[in-house]
Amino acid sequence: MARTMDFLDRLDSLVSRYLAEVAGPRERLALLRWQIAERHALEARETLPGHVTTSALVLSPDYARVLLIDHVVIGRWLQPGGHYEPAACFHESAAREAVEETGVSGLGLHLWHGGADTPFAIDSHEVPGNPRRGEPPHIHHDLQYLFIADPALPLVAQEEEVHAAAWKPVAELAGIAPIAFARLRALGSQD
């Protein structure tokens, strides 16, 4: 129980900061905020109706490409990520997933984060169930972090969860992570 409370306190603080400093006017995160208020064990993948995941939006230094994975269970290209695993910072969980799933090296947290753990985007979305695990359809509250890596370095896909890992045009994010893509376009226009 203490672990859940520490996790929930960190998550509550992070979500409050995100809503105050980053979120757009239509981002309310009502279900996530309700689950935090109800003290759900959001770090546990068994928690329904939703739980926390972390993902890495890994960009090339020129922002032209993004590192994506062909996900085995979901059957489509997505940013690397997965269920939250304990870490000192939420972005460390996202980075660990990116390295595990793609073998990417030289991963660096984007300067946008300013050394803080505030997500670039929080995307609560429905995912299909996983019959092999007895999981019904549910919600992933995905904390998305920006990273930079060199696309010239080799990748090694984690075959248990990923068919392939590849650098794709950044426009691919529009259909995968629309909130992050819109925010990234606005960030690019400021450079």
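For the structure, see preceding data.
Note that this is a predicted model, so its numbers are computed, not measured.

Trainee: Tell me about helix 2 (residues 30–37), and please be specific about residues and values.
Mentor: Taken together, the buried positions of helix 2 are occupied by Leu32, Gln35 and Ile36. Seen along its axis, helix 2 keeps its buried residues to an arc of 100°; they face one direction. Turned more than 90 degrees away from the buried face of helix 2 sit Ala30 and Ala37, all of them exposed.

Trainee: Can you lay out the pairing of strand 2 (residues 65–71) for me, pointing to particular residues and giving the numbers?
Mentor: Here strand 2 lies mainly inside the structure; six of its seven residues are buried. Here strand 2 pairs with strand 8 (residues 162–169) via seven bridges, running antiparallel. Across the sheet, Arg65 pairs through a bridge with Pro169, a residue of strand 8. When strand 2 meets strand 3 (residues 77–78), the two strands line up antiparallel, connected through two bridges. Opposite Asp70, over in strand 3, you have Trp77 as the bridge partner. Taking the residues that link successive antiparallel strands as the turn, the strand 2-strand 3 hairpin has five residues, and the phi of Gly75 there is positive, at about 75°.

Conventions and cut-offs
- Residues numbered from 1 in each chain as written.
- Predicted model: local features only at pLDDT ≥ 70, side-chain atom pairs only at ≥ 80, totals over all residues.
- Heavy atoms only, no water.
- Buried < 20%, exposed > 50% of the residue type's maximum accessible area, 1.4 Å probe, protein only.
- Helix = DSSP H or I, 4+ residues; strand = E, 2+ residues; numbered from the N terminus.
- Arc of directions from axis to C-beta.
- Pairing = 2+ DSSP bridges.

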